[in-house]
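Here are the chains, one letter per residue:
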Amino acid sequence: MTAISDIDYGTPARISERTVTLTIDGMPVSVPEGTSLLRAAAEIGLPIPKLCATDSLEAFGSCRLCLVEIEGRKGFPASCTTPAENGMKVRTQTPKLADLRRGVMELYISDHPLDCLTCSANGDCELQDMAGAVGLREVRYGFEGQNHLKSPKDTSNPYFTFDPSKCIVCSRCVRACEEVQGTYALTIDGRGFDSVVSPGQLQPFMESECVSCGACVQACPTATLMDNSVIENGTPDRSVITTCAYCGVGCAFEAEVKGAQVVRMTPYKNGHANHGHSCVKGRFAWGYTTHKDRITKPMIRKKITDPWREVSWDEAFGYAASEFKRIQQQYGRGSVGAISSSRCTNEETYLMQKLVRAAFGNNNIDTCARVCHSPTGFGLKSTMGESAGTQDFDSVRESDVIMVIGANPTDGHPVFASYMKRRLREGAKLIIVDPRRIDLVRSPHVEAQYHLKLMPGTNVALINALAHVVVTEGLTDDEFALARCEVDSYDQWKEFVGRPEHSPEATEEITGVPAADVRAAARMYATGGNGAIYYGLGVTEHSQGSTMVAGIANLAMATGNLGREGVGVNPLRGQNNVQGSCDMGSFPHEFTAYRHVLDDVVRGQFEAAYGVTLDPEPGLRIPNMFDAALDGSFKGLYLEGEDIAQSDPNTQHVTAALTAMECIVVQDLFLNETAKFAHVFFPGSSFLEKNGTFTNAERRVSPVRKVMEPMGGMEDWEITCALSNALGYPMNYTHPSEIMDEIARLTPTFTGISYEKIDRMGSIQWPCNDKAPEGTPVMHRDTFVRGKGKFLLTKYVPTEEKVNRKYPLILTTGRILSQYNVGAQTRRTANVDWHDEDMLEIHPHDAEERGINDGDWVGIVSRAGETTQRARVTERVQPGVVYTTFHHPESGANVITTENSDWATNCPEYKVTAVQVMPVFHSSEWQARHKRFTEQQLALLDAREREST
Amino acid sequence: MNVEHLIEMANQIGRYYEAYPNRAEAMASTAQHIRRYWDPRMRAEFLRHLDGPGAHGLDPFVLEAVQAHRAELTPKERTGKP
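Residues numbered from 1 in each chain as written. Chains lettered and ligands numbered in written order. Predicted model: local features only at pLDDT ≥ 70, side-chain atom pairs only at ≥ 80, totals over all residues. Heavy atoms only, no water.

1. So, the overall build of chain B
The condition is simple: Working definition: helices are DSSP H or I runs of at least four residues, strands are E runs of at least two. Numbering for both runs from the N terminus. This radius of gyration counts C-alpha atoms alone. The globule rule is 2.2 Å times how many residues there are, raised to the power 0.38. Note on exposure labels: buried denotes an accessible area under 20% of the residue type's maximum, exposed denotes more than 50%, and partly exposed covers the range between, all computed with a 1.4 Å probe on protein chains only. In what follows, residue pairs with any heavy atoms lying within 4.5 Å of each other are defined as contacts.
If you tally the helices and strands in chain B, you get five helices and zero strands. The C-alpha radius of gyration computed for chain B amounts to 13 Å, which stays within 12% of the reference 12 Å derived for 82 residues, consistent with globular compactness. Per-residue burial for chain B yields a buried fraction of 50% across its 82 residues. Summarising the internal contacts of chain B: among those between residues at least 6 apart in sequence, 68% fall at separations of at least 24.

This is the structure:
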């Protein structure tokens, strides 16, 4: 069912330069050529009855309810499949049409349970509405004959119920699964009266290929596919448009509410990032917001072996501020710092960096993008002049060749993956560069032309080989490169990549990719029309992450694949506000818009705005903070929304650093892994409990709007303000819009952004300023942001993390569709039904050599540590490579990963860890310690002294 | 600060810039990178280590770059109370 407030126009909007004019029921209407009569009528407020049509799907013409009469034409054509034409005279309501429609409805209702009063869709059912609209007053056929009324319900999916007894076989669910999602999990089984909607091969939903995106539920016009939350709570009575708090796609949702309770999250059809689509996380996995594990009172304790004590907000702020001041007095100004998260809003991350720079008086502020996309910022800024992706998501509609490098969009960015798959079904070509066989390599109606299955850690060798082919075979777009880029750097780069050692034949031994495939893929990208590159953490989380990002930019510049729709270099950001948190000056060396703290002019602007003298030296990055903590020069840390004890590499190193500090303040929803080492806990607010903005992977600033009151009593931005005030640096904002106004005043790419404009436009892609008052969907159109594009040299330097006899396999890590990052949110939802533990994927060859069977417990040992997981024996991974996820703390994926990091940014090399894997019969020493520590900390939480109220 | 980490980080930076044909510019870029991204205590510890006894572990290119640009890398005294 669509959201309660949506108007359904029946068929999708058409874009055409030509307009046609016609009359419908005597009213003139002009619409773009190709628009259906059904939509043309709806646009002038003449809704034609319909059931199988909805504006998220192409017309199907099966229900025979939207029939119309057209002057001069015979019969009663379906208005959904009939395009509007100039001069048409259409009638939507005549006695004959009414008669036909009533007949159709009578047949539908004759096989439909008449339980409207107790039905979960009562009042929000299109079948019910249509019965009223056509004036159905009686049904002459009883239930004595064959019918579907006793068809059993499928309740296998935790989020929705499939009740076939209410199905009218309109195929909207099947078409949504195909057209919108692209999974093809549903079909119509049987013929004629026996036709039924079938997940998979007449299987329960949970046993089918269904990915639980919710497109079918949204498309269903009856209660056949219904959200369990609506079945349990009733239909919503209002909605608030907001932005999802999961991945970097940043889908717009209508949070549908009944009283103060959210009962459904429906993807917003006018959302510019998602166009009404969603995934299992955003659509359904929001129950964590009211989970019993939420901590809603501020707490403090002197030592981490003490029980927590609930205190008033004032006492918590006073205690935290006094501790930070004490530490600075004792150990120096640079002994404290903060880490924000990509789960924070723009306004929150901006305030965090402001607090550090103005109240702490240093630049020890970092954000979790350090450990994911910091190389993107470095690589793209150095080559093109801006630390951001070049395109909007819609750009992929015009791509001819799509290259996906080190990303798994169907799992990590599922809604964008659906756009991509749609374009691939239309004929675009696909190149996958990934050590692992991700779903995009081959899935229904999608098959990669080339899967360059390289060994982890050899990205730069591969991108050089692709560039070598482009340069030596004369496939460069010299007209573009010479006009738009620094000629010297272009010549230098061509000479560099043209060297024999970069040829596919020479690099095959390094990468493991057949030279012929590299050559063919390079030719396809360079000559196949609009070439677009999408990449993820498989590019950045390497010791040469920044080099690889530059290599990608080089390739795009050399082939002219920049500055227009359909092309570009597009980092797929992992979390919802990675782009935004980077934009907001959250790195220790940069103010907003990536301006260095060494720049006296910029620093002077911030000093004037903040009213204090600012530190002209770069501060500590996250890994440097850990080292400084262990050497005794860094003693206090304020974290919002970031769980470094689970997400950062070499867990034992991280927890040793946390233990060495004297004051750790955690602001979060739950007692996460890091909070177990904390001395102060500020109860944070979920995305449903606050106002702000998120910026997605396409630079789109979207609204986050408060749907319910914060459970702890304060929105996160208010908490940071109060802490700053307690530290003696005043922050007196009354609403996040004032924070955004300050950001706009200080940030050249944001000068045109305000809450008023965001509300008016729905969302805005930065840069938004005098030059681009409506924002910038595609960057670098005429010139690069830095003026001329700059080619960087990309020498391949093998990682120091090498396999040997002791550690013969390479572990690489990633994530899956149903879980999100450290799992703090998704583990507290029914998404655990899909993934309740992290497992180690191992190739059958490697498994057999070690006597490992599918499901066996295995020990995974690296130079950093040891853990155990169950094995999944699969050919998804290649021999010599194993793979796991990091969604569950007890699985200890980051106990194994090392502190190796990117040369330019210190982004950890999560993707390459040398390991050995062997069968085991008990958990690792670390796991036993972690279990004991967790039990101890939960006991200290349970034993907390409650605040007297 | 962990000196081994600092040495490894400096060597990584040098191994990137060493690819550039103009050696003097490559060295300047190496030093600039350290200047622009390392907290002063990291630079101070790094320079202290180079002045100390024993093997420093730096690649020759990086050592030369650091020595040529030592003045830029030396942190200025911090002033002012928190």
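2. A closer look at the pattern of salt bridges
Quick reminder of the rule: Basic side-chain nitrogens of Lys or Arg form a salt bridge, by our definition, when they fall within 4 Å of a carboxyl oxygen of Asp or Glu.
Scanning the entire structure with this criterion turns up 65 salt bridges over all chains. Ionic pairing is found between Glu565(A) and Arg781(A), a salt bridge with its closest N-O pair at 2.4 Å. Pair noted here: Glu565(A) is in the loop between α19 (545-558) and β22 (568-571) and Arg781(A) is in the loop between β30 (764-765) and β31 (809-814), with a separation of 216 residues, a long-range link. What makes Glu565(A) partly exposed here is its relative accessible area of 29%. Among the ionic pairs, Glu617(A) bridges to Arg35(B), the shortest N-O distance being 2.9 Å. Here the residue Glu617(A) occupies a position in the loop between α21 (600-610) and α22 (622-630), and Arg35(B) occupies one in helix α2 (residues 23-37), the pair thus bridging two chains. For the pair Glu617(A) and Arg35(B), one class covers both residues: buried. Among the charged side chains, a network of salt bridges with common partners joins Asp8(A), Lys50(A), Glu126(A) and Arg172(A).

3. Observations regarding the sheet that holds strand β21 (residues 531-535) of chain A
All names here are of chain A. Our working definition: Two strands form a pair only when DSSP identifies at least two bridges running between them. Axis geometry follows a simple rule: fit a line to the C-alpha atoms, using only the stretch in contact for helices, then measure angles between N-to-C directions, giving values from 0 to 180 degrees.
Across the sheet, which stays open at both edges, the five strands sit in the order β20-β17-β16-β21-β22 with parallel pairing between neighbours. Edge positions in the open sheet fall to β20 (450-452) and β22, since each of these has one partner strand only. Neighbour-to-neighbour, the strand axes of this sheet turn through a mean angle of 15 degrees, independent of strand direction. Along the sheet, helix α12 (residues 414-425) contacts β16 (401-405), β17 (429-433) and β21; its crossing angle with β16, the most-contacted strand, is approximately 145 degrees.

4. A closer look at helix α16 (residues 504-511) of chain A
All names here are of chain A. This is how it is decided: By definition, the arc is the one covered by directions from the helix axis to the C-beta atoms.
When we look at burial in α16, the residues that qualify are Pro504, Thr507 and Thr511. Taken end-on, α16 shows its buried residues confined to a sector of 70 degrees, consistent with a single buried face. Packing partners of the buried residues in α16 comprise α13 (459-472) and α17 (515-527). Immediately beyond the C-terminal end of α16, within one or two residues, lies Gly512, with a positive phi of roughly 80 degrees.

5. Digging into the interface of chain B and chain A
Keep this limit in mind: Accessible area that two parts lose when put together, with a 1.4 Å probe and added across both, is what the buried area reports. Polar contact criterion, stated in full: a pair of N or O atoms within 3.5 Å, where within protein one must be able to donate a hydrogen and the other to accept it, and residues adjacent in sequence count only if both atoms are side-chain atoms. In this classification, Asp, Glu, Lys and Arg are treated as charged, Ala, Val, Leu, Ile, Met, Phe, Trp, Tyr, Cys and Pro as nonpolar, and every other residue, Gly included, as polar.
Listed by partner, the interface residues are 30 residues for chain B and 36 residues for chain A. Together, the buried faces of chain B and chain A total about 2,900 Å²; carbon and sulfur atoms form 52% of this surface. Our count for the contact surface shared by chain B and chain A stands at three salt bridges. Counting the contacts that link chain B with chain A gives twelve residue pairs in polar contact (both at pLDDT 80 or more). Every element with two or more residues in the side of chain B that touches chain A is listed here: α1 (3-17), α2 and α3 (40-51) of chain B. When residues in the side of chain B that touches chain A are grouped by element, the largest group, eight residues, is from α1(B). Residue composition of the side of chain B that touches chain A, by class: 13 nonpolar, six polar and eleven charged.

6. What about unusual backbone geometry?
All names here are of chain A. The residue after Trp766, namely Pro767, is reached through a cis peptide bond having omega 0 degrees. Mapped onto the elements of the fold, Pro767 is located in the loop between β30 and β31. We note that Ser171 has phi near 70 degrees; this positive angle belongs to a residue other than glycine. Along the chain, Ser171 turns up in the loop between β5 (160-162) and α4 (172-181).

7. A word on the sheet that holds strand β29 (residues 700-704) of chain A
All names here are of chain A. As summarised here, the arrangement of the three strands in space is β28-β29-β30, forming an open sheet in which the pairing is antiparallel. Since the sheet does not close on itself, it has two edges, and those belong to β28 (692-695) and β30, each with one partner. Its contacts with the sheet put helix α9 (residues 346-360) on β28 and β29, and the angle it makes with β28 is roughly 95 degrees.

8. Quick notes on the pairing of strand β36 (residues 913-919) of chain A
Residues and elements named next belong to chain A. In terms of residue burial, β36 counts as a mostly covered element, since five of its seven residues are buried. Sheet topology note: the β31/β36 ladder contains three bridges and is antiparallel. Among the inter-strand pairings, Ile810 is bridged to a residue of β36, identified as Ala914. With five bridges joining them, strand β33 (residues 857-862) and β36 adopt antiparallel strand pairing. From the neighbouring strand, Gly859 faces β36, where its bridge partner is Met918.

9. A word on the packing of aromatic side chains
Residues and elements named next belong to chain A. Basically, it comes down to this: Only the six-membered ring of Trp is used, alongside the rings of Phe and Tyr, when aromatic pairs are assigned; centres must lie within 6.5 Å, and planes under 30 degrees apart are stacked while those over 60 apart are edge-to-face, with the rest tilted. Only Lys NZ and Arg CZ are tested; either one counts as a charge over a ring when it is within 6 Å of the ring centre and within 35 degrees of the ring normal.
Evaluated as defined, the whole model comprises 32 aromatic pairs over all chains. Measuring from ring centre to ring centre gives 4.9 Å for Tyr490 and Phe791, while their planes differ by 35 degrees; the resulting arrangement is tilted. A residue pair is termed long-range when its members are at least 10 positions apart, and Tyr490 in helix α15 (residues 487-497) and Phe791 in the loop between β30 and β31 qualify at 301 residues. Phe791 matches Tyr490 in its accessibility class, with the two residues each being buried. Within the aromatic cluster, the residues linked to one another by ring pairs are Tyr159, Phe160, Phe162, Phe205, Phe284 and Trp834. Here Arg484 stacks its cationic end above the ring of Phe784, 4.6 Å away from the centre of that ring. Between Arg828 and the ring centre of Phe670, over which it is positioned, the NZ or CZ distance is 3.9 Å.

10. Describing the nonpolar core
The criterion, for reference: Nine residue types can take part in a nonpolar core, namely buried Ala, Val, Leu, Ile, Met, Phe, Trp, Tyr and Cys, and a core is a set of them joined through side-chain atoms within 4.5 Å.
Counting residues in hydrophobic clusters, the biggest one holds 109 residues, and the most contacted among them are Leu466(A), Trp38(B) and Phe46(B). Sequence-distant contacts of Trp38(B), defined by excluding residues within four places in its chain, comprise Pro618(A), Arg621(A), Leu6(B), Met9(B), Ala10(B), Ile13(B), Arg43(B) and Phe46(B). Among the nonpolar cores identified, the runner-up in size contains 66 residues, and Cys251(A), Ala407(A), Met420(A) and Ala697(A) belong to it.

11. Quick word on the packing of α13(A) against α19(A)
Relative orientation and spacing of two packed helices are given, respectively, by the angle between their axes and the distance between those axes. All names here are of chain A. Note the cut-off: Roughly parallel means an angle under 35 degrees; roughly antiparallel, over 145; roughly perpendicular, 65 to 115; everything else is oblique. Definitions for this section: a left-handed crossing has its near helix turned counterclockwise from the far helix by less than a right angle. A right-handed crossing has that turn clockwise.
Between α13 and α19, the least distance of the axes is 9 Å, while the angle of their chain directions is 15 degrees. In this view, α13 runs roughly parallel relative to α19, as classed from their interaxial angle. In this structure, α13 meets α19 at a crossing whose hand is left-handed. Counted together, Asn459, Val460, Ile463, Leu466, Ala467 and Val470 of α13 and Thr547, Met548, Gly551, Ile552 and Leu555 of α19 form the full contact between these two elements.

12. A short note on the packing of α9(A) against helix α26 (residues 736-746) of chain A
Residue and element names in this part refer to chain A. In contact at an axis separation of 9 Å, α9 and α26 are set at 65 degrees when each is read in the N-to-C sense. It follows from the interaxial angle that α9 and α26 lie roughly perpendicular. Seen along the crossing, α9 lies across α26 with a hand that is left-handed. Packed against α9, whose contacting residues are Asn346, Glu347, Tyr350, Leu351 and Lys354, the element α26 presents Pro736, Ile739, Met740, Glu742, Ile743 and Leu746 at the interface. Among the residues forming the contact of α9 with α26, the class breakdown is seven nonpolar, one polar and three charged.

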